[in-house]
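Secondary and tertiary structure notes
Chain residues, written in single-letter form:
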Amino acid sequence: MTPGKWLGVLFLMPATLFVVVFFLSPVLLTAVFAFTSMSTATGVGEGGYLITPSTLHRLAERGMDRSTAESLGATTYLVNPETLSRARAAGVAAATLDELGQRHAGKSFDGRRGFERALKSLNNRPRSVRALKQAARHFETSVLNRTFGQREDLLAALAASGVRLSDEDRERLVDASYTGWTWTTDNLRRMFGTADTAQVLANTLIYVFVTLILFNTGFALVLAITTFYLPTTEAAVFRGIWFLPRITPPVLYVLLWKWFAWDTGFLSTVLGWFGVASRNWMLDTAFNAWVFVVLINGFVGASMGMIIFSSAIRAIPEPLFWASEVDGASRWQQVRRIILPQLRWPILFVTSYQTLSLLTSFEYILLATDGGPGSTTEVWSLAAYHTALNNYAGNLQYGYGAALALVLVIIGVVLSLLYLRIFNFDALVARPRIET
Amino acid sequence: MRILIENFTKRFGADTVIDAMNLEVADGEMLALLGPSGCGKSTTLFAVCGLHVVDDGRILFGDEDVTGWSPQRRNVGVVFQSYALYPHMNVFDNVAFPLQVKREPGPAIRRRVSEITAMLEIEHLLERLPAHLSGGQQQRVALARALIRRPGVLLLDEPLANLDARLRLDMRSEIRRLQRETGITAILVTHDQVEAMSMCDRIAIMDRGHVHQIASPADMYRNPVSTFVAGFLGNPPIAFLSGRVRGGRFWLDGSTAGIDLPGGCEALEDGREIRLGVRPEHVRPADSGPLSGKVSFVETHGRENLYDVTLNGGQVLRSIQPVRGDIAPGQTVHCRLDTDKLLVFDREGTRL
Amino acid sequence: MPRARGSGIIVALLAAASAPLVLMYVFLVIETVGEAPPGQLLPDGFTLENWRFLWEDLPGKANIWAVTLNTFIFASATTVIVLAVSSTAGYALSRINLPFRAYFLAGVLVLHAFPTVTLIIAIFLVLQMIGLYNTLTGVILVKASLELPLGIWIMKGFYDTVPWEIEMAGVQDGASRFTVWRRLILPQVTPGILALGVFSFLAGWSEFILPQVLAPDNKVQVLSVYLAGLIADDYDLNFALFKSIGLFYVIPVVILYLFFQDKLMNIYGGGTKG
């Protein structure tokens, strides 16, 4: 390794680090999370073990012996070195504890009363009723509503509780009480198995292809060709107008559309002059919602195609146009015979690129209709977002959302690998001319 | 400082572009690496700089093996074809840069810069940016920058290619003057034989990664080892005639003309195919002679005229003559050759 | 090549298609300072009422200046990281003879086309796990990382246009590769750094999804999240107020755009943002 190469390694290090941690690992982790049951309830860290009354109820329904379930739910009082030292630490009189230890070591009392009676019968019994009750509390042992960090802790507590459990019941109890996430393939089964998915898929296809054909490619072409034939100033004005949405922050851009369509906004006001009742044009019907979803995305999307097509048209040698004008070709013929054939590759590029980006972007729909009315404009990427990150139910299903996102990630990986072939990659890896 | 290149081999991937090349440049000598583009002359230059890794063999400066040395450590001054002046720095900073990176004290740098710029007659341009200099001035700045560190070796990569014809003449003598004054060992890479011949002590002529011949310009011109070397040197270029040996003489293909061979070649066996190299200045028109043909083309050079004579049988001979009005295109002429100046090559192009 | 023939019709058609956009942007400005009674579009009075958010906190909302400062920190920190990392990595990929260089390039090329929003769920979980959720640091690191492939690609392109001879001359003059980069090559790519810097700043300033998901808290809120929250909360939409905030929000964008129009066109047109 020469110093030059060390510099290269050093220069690539930060980029590699950033990209691996926040870019590549999320790609892989999306796949990992897709096979988990992570949700708000399970949390994302390691879970604990918690037996609740409902855990026991569920297990009883699934065939666990009722009396076992009940005794697990009951509170017992244990006298052993552990509980004794706990009480000592809490300040219960040493004499009381010593005597209790001598008389009842290893004993277990089923109810509070029984244990309190045992306490009362001690020579060094607690002075007041209140002190007695407080002392008793330290000997309570219940496996219920206590969180155990490790499986072993729960097993130890179960053993200490004195409740007899068959091995099978113990296994079931431990598994049922786990609060963390687990590995599962349920997400995939659910994704391929529900009617919602089909609806979302249909929405996605409509959204992507209608926007793409009408605006991102179609209107972009119209803009590029028409502005090419306009005098420079007019052309610049129109290109400038259509570039505005791209540099406007999305939140503001969608706000402008909302103002345009809302019941107190522009459309309603103007139509009100003609006696049309004011309403929210964006959200009143599913059809209108779709119109606005396409318009909002299309008005942004047209600018990229416009820029690329415009520069491609400008690259056409001018003599071609002069020649065709001398030949008496109409302008329409010029467009068809000269411009469109030259734009074949740019059109292919813009179409494929924008397919991917429309497929995965949900920012504008989120801000405009949020998938509504109902879920008529809910597209795939937005569904993933709603499932995992933001919904009204409040239980965010990270695992299922990741499974939905995984589909998009796979499409993204495949399509972006295709770009490697479209770009002339070999030209990009020209040999460095300083070899050391 | 002497430069010694021993068994230098360079590969790009599976391609071996230079195979076991040997070359020695004596201390204080200026040597030209001459050859067509793609012959490996720039690759050799980059290996001497240290920019390219040597795949096999070694490079010595003096007695020191520098093969593994970084370019920075080699202390080699280089002038690139594009001059590679730093566009954002003025002339002073450009020239001072090599000393600045060595962290020499400011006053010393200023002294040295004014010394070297005076030598190159650019001391009045110190504040200018490269974009505001003429081609010749840029060239001088590049030379100043290459020489300011007092390098042991000066490498010039097609230094005159970007200059117009007049400036090229000036810079040719200028560079040679500098090299002589500083006594620096220099290698000039060029594809222009005139440059190589006029500026250098010796020429190494290269083709496809091989050095064909190393000799002084005059020697190489007179005694080329192959048709490649003979064809590369000389303007207007040498003409080759193919034919066979019979009775110690040369018989042109498709013609009945016999030509005497130069001394030392009479012993060639009969029937052997050979090629005869004839330089234009060794062909004279005559009233009678072994060769006759039609004047197919006349090119006026001012002081001289160049005539293309298509011989009977179709081969072409060139002749350069002081301007004369008596030969016109289409005319049939006889030619006489200076027998002892003729160059004889075998069918593969090796000198006999 | 301007051709006047029949351009009147084209202008009329384009004007009709552009009308919604023009109206929206014109009223964006008008409505912030105009007083118009309900049912009327054009204002008949002047008011600064809608700009009160500048000196009075809106109920239940963070202070606008704190939010603006967050946005500025977010956008500039992202820019600094993107510039620093891209200008070094881009140089290494363009110029230094490293093993696996071709794989790095292929990786950068694939990633720069990759739709990053699909990763948001995984990133959200990662930030929760490493404890950077709801911090500006976390969302800055994420935003910068996602912009990096594009940045590296652009910078590599700029480095590719610097003549090799300059680099070679620097090395021959005895400078280390670092000095060559720092003193000779970097000054040649300042236009690229400027363009990428402005682009990254605008991208950070406008970003909504990442801060919304990764740092929604009032303390670390940025303007996009602030404004979106305001709009989402309110049933009786006060468009004049929203637009005033929106206009306040977009001013830096407009200024930067006016200054760097041509350079930005190149990056946006490079097929990089949907």
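All of the points below concern the structure found in this document.

Calculation rules
- Residues numbered from 1 in each chain as written.
- Chains lettered and ligands numbered in written order.
- Predicted model: local features only at pLDDT ≥ 70, side-chain atom pairs only at ≥ 80, totals over all residues.
- Heavy atoms only, no water.
- Helix = DSSP H or I, 4+ residues; strand = E, 2+ residues; numbered from the N terminus.
- Buried < 20%, exposed > 50% of the residue type's maximum accessible area, 1.4 Å probe, protein only.
- Contact = heavy atoms within 4.5 Å.
- Areas by Shrake-Rupley, 256 points an atom, 1.4 Å probe, with all protein chains shown as cover.
- Lys, Arg positive; Asp, Glu negative; His and termini not counted.
- Charge placed at Lys NZ, Arg CZ, Asp CG, Glu CD.
- Pairing = 2+ DSSP bridges.
- Axes fitted to C-alpha atoms, helices over the stretch in contact; angles between N-to-C directions.
- Buried area = accessible area lost by both parts, 1.4 Å probe.
- Salt bridge = Lys/Arg side-chain N within 4 Å of Asp/Glu carboxyl O.
- Polar contact = N/O pair within 3.5 Å; in protein donor to acceptor, adjacent residues only side chain to side chain.
- Nonpolar A, V, L, I, M, F, W, Y, C, P; charged D, E, K, R; others polar.

1. What about the overall build of chain B?
When helices and strands are counted, chain B shows nine helices and 20 strands. Taking the principal axes of its C-alpha atoms as reference, chain B extends roughly 80 × 45 × 35 Å. Here chain B holds 352 residues, and 51% of them are scored as buried. Across chain B, the fraction of contacts at a sequence separation of at least 24, relative to all contacts at a separation of at least 6, is 65%. Put simply, chain B shows about 15,100 Å² of open surface, and 47% of that area lies on carbon and sulfur atoms. Looking at chain B, you have 41 positive and 44 negative side-chain charges, and the mean spots of the two groups are 2 Å apart.

2. Describing the sheet that holds strand E1 (residues 3-12) of chain B
Residues and elements named next belong to chain B. On the basis of which strands lie adjacent, the open sheet formed by four strands has the order E2-E1-E4-E5 and antiparallel pairing. On the outer flanks of this sheet lie strand E2 (15-25) and strand E5 (64-65), each paired with one strand and no other. For strand E4 (residues 56-61) and E5, the ladder comprises two bridges, and the chain directions are antiparallel. Residue phenylalanine 61 lies in a different strand from E5, and its bridge partner there is glutamate 64. The sheet contacts of helix H1 (residues 41-49) involve E1, E2 and E4, and relative to E1 the element is tilted by about 115°.

3. Description of the interface of chain A and chain C
Of the residues lining the interface, 104 residues belong to chain A; the matching set on chain C comes to 103 residues. When chain A packs against chain C, close to 9,700 Å² is buried across both sides, 79% of that on carbon and sulfur atoms. Linking chain A with chain C are one salt bridge. Our count for the contact surface shared by chain A and chain C stands at three residue pairs in polar contact (both at pLDDT 80 or more). Per element, the largest residue contribution to the side of chain A that touches chain C is 20 residues, and it comes from helix H1 (residues 3-33) of chain A. Class assignment of the residues belonging to the side of chain A that touches chain C gives a composition of 76 nonpolar, 18 polar and 10 charged.

4. Considerations on the interface of chain B and chain C
Facing 21 residues of chain B, the contacting portion of chain C comprises 17 residues. The three residues of chain B that bury the most area against chain C are Gln72(B), Tyr86(B) and His88(B), which together make up 30% of that side's buried surface. Here chain B and chain C share one salt bridge between them. With a shortest N-O distance of 3.4 Å, Asp173(C) and Arg145(B) are connected by a salt bridge. On the surface where chain B and chain C come into contact, there are 10 residue pairs in polar contact (both at pLDDT 80 or more). Of all elements in the fold, only H1, helix H2 (71-74), strand E6 (76-79) and helix H3 (91-100) of chain B reach the threshold of two or more residues within the side of chain B that touches chain C. Ranked by residue count, the leading element in the side of chain B that touches chain C is H3(B), at three residues. Of the residues that constitute the side of chain B that touches chain C, the class distribution is 15 nonpolar, four polar and two charged.

5. Focus: unusual backbone geometry
Residues and elements named next belong to chain B. Geometrically, the link from asparagine 235 to proline 236 is a cis peptide bond, its omega value of 0° lying close to zero. Relative to the elements of secondary structure, proline 236 occurs in the loop between helix H9 (227-232) and strand E11 (239-246). Within the chain, asparagine 7 stands out as a residue other than glycine whose phi angle is a positive 50°. Its location among the elements puts asparagine 7 in strand E1. Residue asparagine 7 is classed as partly exposed on the basis of its relative accessible area, which comes to 41%. If you check the backbone angles, arginine 103 has positive phi at about 55° while not being a glycine. Looking at the secondary structure, you find arginine 103 in the loop between H3 and helix H4 (106-119). Judged by relative accessible area, which is 76%, arginine 103 ranks as exposed.

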